[in-house]
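Inside the fold
Chain by chain, the residues:
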Amino acid sequence: MIEPLDDDLAALLQDAKTIAAPDDAKARVHARLALALPPPGGGGNTSPPSPAAPLPAGFPGWALAAALAVGAGLGLGGSLLLPPRERVLYIDRPTLPAPPAAVAVAQPSPSPSGLRLEDLPRAPTATPSASAANVARGEDLAKERAVLDVARSALGRGDAANTLVATGEHERKFPQGALVEEREALAIQALAMQGRRTDAQARADRFRKRFPRSMLLPAVDAVVGSGTDSRERDL
Amino acid sequence: MAAALVDMSERARFDAIFEAELAYVWTSLRRLGVQERDLEDLSHDVFLEVYRRIGTYDVARPIRPWLFAFAFRFASDYRRLARHRREVMGTEAEESDPQPTADRLLQMKQNQHLVERAIGKIDPDRQAVFILHELDETPMAEIAAALDIPVNTAYSRLRLARDEFRDAVKRESRKETRP
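Residues numbered from 1 in each chain as written. Chains lettered and ligands numbered in written order. Predicted model: local features only at pLDDT ≥ 70, side-chain atom pairs only at ≥ 80, totals over all residues.

**Overview of the overall build of chain A**
Our working rule: Counting from the N terminus, the helices are the DSSP runs of H or I reaching at least four residues and the strands are the DSSP runs of E reaching at least two. Burial is judged by counting other C-beta atoms within 10 Å of a residue's own C-beta: 20 or more means buried, 12 or fewer means exposed, and anything between counts as partly exposed, with every C-beta placed from the backbone. Residues are treated as contacting if the C-beta atoms built from their backbones sit within 7 Å of each other.
Summing up its helical and strand segments, chain A has nine helices and zero strands in all. For chain A, the proportion of its 235 residues judged to be buried stands at 34%. Taking all contacts inside chain A whose residues are at least 6 apart in sequence as the whole, residues at least 24 apart take part in 56%.

**Quick notes on the overall build of chain B**
A count of helices and strands for chain B gives seven helices and zero strands. Of the regular secondary structure in chain B, the N- to C-terminal order runs α-α-α-α-α-α-α. Looking at chain B as a whole, 45% of its 179 residues are labelled buried. Considering only contacts within chain B whose residues lie at least 6 apart along the sequence, 70% involve residues at least 24 apart.

**So, helix H2 (residues 39–53) of chain B**
Rule in force here: Here a helix's expected span is defined as the number of its residues, less one, multiplied by 1.5 Å.
Compared with an ideal rise of 1.5 Å per residue, which puts 15 residues at 21 Å, H2(B) spans 21 Å between its outermost C-alpha atoms and is within 8% of the ideal. For H2(B), every residue scored as buried is listed here: B:Leu42, B:Ser43, B:Asp45, B:Val46, B:Phe47, B:Val50 and B:Tyr51.

**Topic: the interface of chain A and chain B**
Definition in use: Under the grouping applied here, Gly and all other residues not named as nonpolar or charged are polar, the nonpolar ones being Ala, Val, Leu, Ile, Met, Phe, Trp, Tyr, Cys and Pro and the charged ones Asp, Glu, Lys and Arg.
On the chain B side, the residues contacting the 40 residues of chain A number 43 residues. Of all the elements in the fold, those that place two or more residues in the side of chain A that touches chain B are helix H1 (7–14), helix H2 (25–36), helix H4 (128–156), helix H5 (160–173) and helix H7 (197–210) of chain A. Of the residues assigned to the side of chain A that touches chain B, the class counts are 24 nonpolar, seven polar and nine charged.

**Describing the packing of helix H3 (residues 63–80) of chain B against helix H6 (residues 140–147) of chain B**
Angle between the axes and distance between the axes are the two parameters that describe a pair of packed helices. Residue and element names in this part refer to chain B. Using the following cut-off: Axis geometry follows a simple rule: fit a line to the C-alpha atoms, using only the stretch in contact for helices, then measure angles between N-to-C directions, giving values from 0 to 180 degrees. Between 65 and 115 degrees an angle is taken as roughly perpendicular, under 35 as roughly parallel, over 145 as roughly antiparallel, and anywhere else as oblique. We call a crossing left-handed when the near helix sits turned anticlockwise from the far one by less than a right angle, and right-handed when that turn is clockwise.
Packing of H3 against H6 brings their axes to within 9 Å, and their N-to-C directions diverge by 40 degrees. With respect to H6, the element H3 is oriented oblique. The handedness of the crossing between H3 and H6 comes out as right-handed. Across the interface between the two elements, Pro-65, Trp-66, Phe-68 and Ala-69 from H3 touch Glu-142, Ile-143, Ala-146 and Leu-147 from H6. Taken together, the residues of the contact of H3 with H6 break down into seven nonpolar, no polar and one charged.

Don't take any of this as a statement about function, it's just geometry.
What follows is the structure, given as structure tokens:
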């Protein structure tokens, strides 16, 4: 076994534990890798790399960039410019026995916090086609939830790296999924856990803009602190 | 690694690892003495190699020690080139914590530079064990597995590395306080 390190050295090392890369490093390295690697699902790229060659569409960096662009648009005026999207809040924590069926209820607008969605009365099923659509949506939601369960479990273990792996997977598979809000909250907590405060803060700012009435906002604020945007939220 | 990676294709697994761990590889390379201007090149090289070897990754093991082994090998090759011999580490470390006061932030950056300079004085083989254990908080068994050395050797290297680090910190601190 090894003895604990001297207190002064341990304190010194604590300040060097931050894991960080410049904000644009991922995009730059990703762009170079995309030219060197075969496209996802493809059989290998034998053509010479070209500076203008498109990057693989399935690469997470693109998904992230697209998600950020969409998020920014929605945050600035999406509620006015776009038809209302279904919002699904994933509230329970089904890590123990079989979770209840999808806790998904369509909403025309953001719900006031504190309201349990599953307590709302259920509308009767109108047509068989609507019912089929609901089944498909429920299956998608179950798949989304399964991915986020992995993320949540990892976060519970203090495993931020694997939390981000799972939220990254969710981001790729369900860029417009019903549980985006849940995913973002988990990712923010994981980033903060890794000491990547700048990244966590930036993602939290986008979260506030995109989900200004989120029930998860207090949890996000508790991790990164409420930024300037919180003042706007309170107005 | 996590169950999250188990059912993925190798390409999806690589993408997920890149997305989650680029910053870790970047930071590890910097800790291992790669200069700021070369971090992008070496991070690219590391992930190319990770892509080639992704099939050998055991998802039951933590990802970071496995990635560190790549970073360590590339950094070792890099340092063998005379033109890359360590100059002054961490000339411009990124500001990563917006919360502390300016004084505290300055102190943190100074400490980080001091740590990285002192790590640079540790024998390279011991350096890997030291970084994995003291900065990444990796269990010794995982360190031994990642570096393909016996656990007792890992402990031995850590003890020696601590001595070297302690001495280096003293020397570097004296340099800083010298008028």
